[in-house]
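Inside the fold
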Amino acid sequence: MSTQIQANKTLDCKGLACPMPIVKTKKAMDQMHPGEVIEVQATDKGSLADIQGWAKNTGHQYLGTITEGEVLKHYLRKSSPDETKEEKKYPITVTTDELEQKLKAGDKTTVLDVREPAEYAFQRIPGAKSIPLSELENRLHELNPEDDIHVVCRTGNRSDMACQLLADKGFKNVKNVVSGISGWTGPVDRTH
Amino acid sequence: MSTKVAIIASNGGLFDAYKVFNIATASAATDAEVGIFFTFEGLNLIHKQAHHQLPLPAGREHFAEGFKNANIPSIPELVAMAQEMGVKIIACQMTMDVMNLTREDFIEGIEVGGAVTFLDFAKDANVTLAF
């Protein structure tokens, strides 16, 4: 099964040499909102390393790259200034290790991944269900309020908000997985 | 808190220009604060006329085609991009005096200063480069 990678914006940098793909990515990213995903199409082979270095230094999130013939499609997500800081407002949390042990033991639980579809496509916990945070409120019917639900995102921040939302809506057994995918050392699935 | 990059440009060829402006624009695009001090032949890189026709090293003239084929932006384009992203350009007053040049001989939007002007910028830089 193939998951289509969704991007809010596509930037054409094909045929451009260093440093143009980076310069154009920066300019495009400045016009975007936090949380949005950009697809940068480039033919400059150096852009594969450059885009990752750029993301690391600017705090934006590099999701991954798909190669289609000569074209490299880089996916990046714009971060908001405060999201790399982990906030714990929802009181019930588990660590990624605890979740990994639970899944390994075969305990029945739903892993809910509230990141964007593009993030989910590149790396996810096997069996995780994808509902982006922005869609959660309209898709509550896909979840059972009685179920044991572990909510994950990248760092534990969006999942914290999701846990609060679910608790407000009467979900009884919701846990926030702190440190999220960034702290996950167990097996992963990916579409690409 | 951002990264600060201080560059000295003291050579006036096309290769030198690309080294300087590629690093400068890439740094600026990565949210770094960038300042370049142009001194001696490096002044060519921001001279109104000269920066449009910078020489390739002797015996390397055939690279002109390579630049074209690889779709490399021109030096004036890179300079404009650098300035648009806030790269600070400082021309060396002492060299200008030696070469009998004035501010009017250079592109718009530059600063003119002495060694201390650059040192003041570079003293807390994270990256310092000389080309």
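Residues numbered from 1 in each chain as written. Chains lettered and ligands numbered in written order. Predicted model: local features only at pLDDT ≥ 70, side-chain atom pairs only at ≥ 80, totals over all residues.

By the naming in an unreviewed UniProt entry, chain B goes by Sulfur reduction protein DsrE and is assigned to Cohnella kolymensis.

The name given to chain A in an unreviewed UniProt entry is Rhodanese domain-containing protein, and the organism recorded there is Cohnella kolymensis. Its UniProt record gives chain A the following Sequence similarities (unreviewed entry) comment, quoted word for word: "Belongs to the sulfur carrier protein TusA family." (UniProt positions renumbered as here; feature names shortened; annotations may be inferred.)

Turning next to the interface of chain B and chain A. Counting residues at the interface gives 11 residues for chain B and 12 residues for chain A. With four residues, the single largest contributor to the side of chain B that touches chain A is helix H1 (residues 14–29) of chain B. Partitioning the side of chain B that touches chain A into residue classes produces six nonpolar, four polar and one charged. (Contact = placed C-beta atoms within 7 Å. Helix = DSSP H or I, 4+ residues; strand = E, 2+ residues; numbered from the N terminus. Nonpolar A, V, L, I, M, F, W, Y, C, P; charged D, E, K, R; others polar.)

Once that is clear, we can look at the sheet that holds strand E1 (residues 9–13) of chain A. Residues and elements named next belong to chain A. One open sheet holds the four strands; their spatial order is E1-E2-E4-E3, and the pairing between them is mixed. Edge positions in the sheet fall to E1 and strand E3 (61–68), since each has one partner strand and no second. In this sheet, neighbouring strand axes are inclined to one another by 20° on average, regardless of whether the strands run parallel or antiparallel. The pairing of E3 with strand E4 (residues 71–77) spans seven bridges and is classified as antiparallel. Across the sheet, the residue bridging to Tyr-62 is Leu-76, located in E4. (Pairing = 2+ DSSP bridges. Axes fitted to C-alpha atoms, helices over the stretch in contact; angles between N-to-C directions.)

On to the sheet that holds strand E3 (residues 88–92) of chain B. Residue and element names in this part refer to chain B. Taken together, five strands build an open sheet; the order of strands is E4-E3-E2-E1-E5 and the sheet is parallel. Of all the strands in the sheet, the pair left with one neighbour each is strand E4 (111–113) and strand E5 (127–130). Taken pair by pair, the neighbouring strands of this sheet meet at an average axis angle of 20°, ignoring direction. In this structure, strand E1 (residues 4–9) lies alongside strand E2 (residues 33–38), joined through six bridges in parallel fashion. For Ala-9, the partnering residue across the bridge sits in E2 and is Phe-38. Packing of helix H5 (residues 115–122) onto the sheet brings it into contact with E1, E2, E3, E4 and E5, and relative to E3 it is tilted by some 150°.

Moving on, we come to helix H2 (residues 47–58) of chain A. Compared with an ideal rise of 1.5 Å per residue, which puts 12 residues at 16 Å, H2(A) spans 16 Å between its outermost C-alpha atoms and is within 8% of the ideal. Taken together, the buried residues of H2(A) touch helix H1 (20–30), strand E2 (37–42), E3 and E4 of chain A. (Expected span 1.5 Å × (residues − 1).)

Now for the pairing of strand E9 (residues 173–178) of chain A. Residues and elements named next belong to chain A. Counting buried positions along E9 gives five out of six residues, so the element sits mostly inside the fold. With four bridges connecting them, strand E8 (residues 148–152) and E9 associate as parallel partners. Counterpart to His-150 in the pairing with E9 is Lys-175. Following the chain from E8 across helix H6 (residues 158–168) to the adjacent parallel E9, one finds a crossover that is right-handed. (Buried ≥ 20, exposed ≤ 12 C-beta atoms within 10 Å, placed from the backbone. Right-handed = clockwise from strand over helix to strand, strands pointing away.)

If you look at the biggest cluster of nonpolar residues, it comprises 59 residues, and the most contacted ones within it are Ile7(B), Val20(B), Ala24(B), Ile36(B) and Phe38(B). The element that contributes the greatest number of residues to this core is H1(B), accounting for nine residues. Both domains that furnish three or more residues to this core are identified here as domain 1 (9–77) and domain 2 (93–183) of chain A. Residue contacts for Phe38(B): discarding those within four places in its chain leaves Ala9(B), Leu43(B), Leu45(B), Ile46(B), Ile89(B), Ile90(B), Ala91(B) and Cys92(B). Membership of the second largest hydrophobic core comes to 19 residues, among which are Leu99(A), Leu112(A), Val177(A) and Ile181(A). (Core = buried A, V, L, I, M, F, W, Y, C linked by C-beta atoms within 7 Å. Domains from an automatic or database assignment.)

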